[in-house]
Amino acid sequence: MTAPHIEVLPDKAALVERALTLSVQLIQDAIAQRGRCTLALAGGSTPKPLYEALAQTNLPWSFLHIFWGDERYVPIDHPDSNAGMAKTAWLERVPIPPQQIHPVPTAAGDPAADAHQYEQSLRSVFPDADVPTFDLIFLGMGDDGHTASLFPHTEALQVRDRLVTVGHKDGQPRITFTVPLINQARTVLFLVAGANKQHALSQVFAEEGDAQMFPSRLIHSQSLWWLLDHGAGQALLPR
Ligand SMILES: O=C(O)[C@H](O)[C@@H](O)[C@H](O)[C@H](O)COP(=O)(O)O
């Protein structure tokens, strides 16, 4: 396990610029080496400007396969939908083949059934893998240290025998990649902005800590990048 790459950028705009440069390179490398790039997107607010910037690039879109690392259990046209946000910011603006964009199903009225369905759609794109290896997974982190929809002290943190499970935030169901699926990725790229994330980050990076309380501690992919703005990462800067 290599040590994570941690970069503190002066502000959110610089964080987005750095994330764009890194993402474009990783996407191009994946396509050059494996003939496609499999991506899982983060939700929340932080990644939106990155998605908007990616929409302005001229990446070879027909080689991208898009999934989501987690999703709120709402229809895609709901304002809280992670897929809705990414489609508006990016995916509706570029010619990725529609059959290569895989929003999480949320229409069964049964989160566990939709989670199982999503796992099947994953396996159809990664037919030969017990645990699929994404080329790049974007993640955010909440001020409680959660990532994807892996919230503190929830059962989802313990799931090791599935790729997708049901997470819960304040009792509300979400659908989320599991820790084993995230950790199988070639590269995970965390984007974290805001001073309100400082405390959780200090707990995530501490030598010793409680991963059940700060679930982002559970993420250990082959290559792990943390891009932080100054607000979030200032305590990590040399004095
Ligand atoms: O569905 C979600 O909300 C995200 O996947 C979640 O894990 C998010 O990344 C963090 O909560 C950070 O959210 P912000 O970027 O809005 O701070």
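Rules behind the numbers
- Residues numbered from 1 in each chain as written.
- Predicted model: local features only at pLDDT ≥ 70, side-chain atom pairs only at ≥ 80, totals over all residues.
- Heavy atoms only, no water.
- UniProt positions renumbered as here; feature names shortened; annotations may be inferred.
- Pairing = 2+ DSSP bridges.
- Helix = DSSP H or I, 4+ residues; strand = E, 2+ residues; numbered from the N terminus.
- Axes fitted to C-alpha atoms, helices over the stretch in contact; angles between N-to-C directions.
- Contact = heavy atoms within 4.5 Å.
- 1 Å grid on protein atoms, 1.4 Å probe; cavity = no way out; pocket = protein on both sides within 12 Å on 5 of 7 lines; lining within 4 Å.
- Points joined across faces, edges and corners; volume = space filled by probe spheres on them.
- Nonpolar A, V, L, I, M, F, W, Y, C, P; charged D, E, K, R; others polar.

The chain has the name 6-phosphogluconolactonase in an unreviewed UniProt entry, where Halomicronema hongdechloris C2206 is given as its organism. Regarding the chain, the relevant UniProt record gives this comment under Function (unreviewed entry): "Hydrolysis of 6-phosphogluconolactone to 6-phosphogluconate." Heading Pathway (unreviewed entry) of the UniProt record for the chain holds this comment: "Carbohydrate degradation; pentose phosphate pathway; D-ribulose 5-phosphate from D-glucose 6-phosphate (oxidative stage): step 2/3."

Some details on the sheet that holds strand S6 (residues 164–169)
If you walk across this open sheet you meet the three strands as S4-S7-S6, and the pairing is antiparallel. Edge positions in the open sheet fall to strand S4 (70–72) and S6, since each of these has one partner strand only. Pairwise comparison of adjacent strand axes, ignoring direction, gives a mean angle of 30° for this sheet. Direction of pairing for S6 relative to strand S7 (residues 172–177): antiparallel, over a ladder of six bridges. Residue pairing in the sheet places valine 166 in a bridge with isoleucine 175 of S7. Across the face of the sheet, helix H4 (residues 111–125) comes into contact with S6 and S7 while running at roughly 140° to S6.

Focus on the UniProt feature "domain: Glucosamine/galactosamine-6-phosphate isomerase" (unreviewed entry) in the chain
When the UniProt feature table is mapped to this numbering, "domain: Glucosamine/galactosamine-6-phosphate isomerase" (unreviewed entry) covers residues 10–224. Summarising residues 10–224: 31% helix, 17% strand, and an end-to-end C-alpha distance of 20 Å.

Looking at the layout of surface pockets
The calculated volume of the largest pocket comes to roughly 340 Å³. Those elements giving two or more residues to the lining of the largest pocket turn out to be S4 and strand S5 (136–139). Across the lining of the largest pocket, the residue classes tally to nine nonpolar, ten polar and five charged. Size it by volume and the second largest pocket reaches roughly 210 Å³. Forming the walls of the second largest pocket are 14 residues, and the residues nearest its centre are Pro4, Val204, Ile219, His220 and Leu224.

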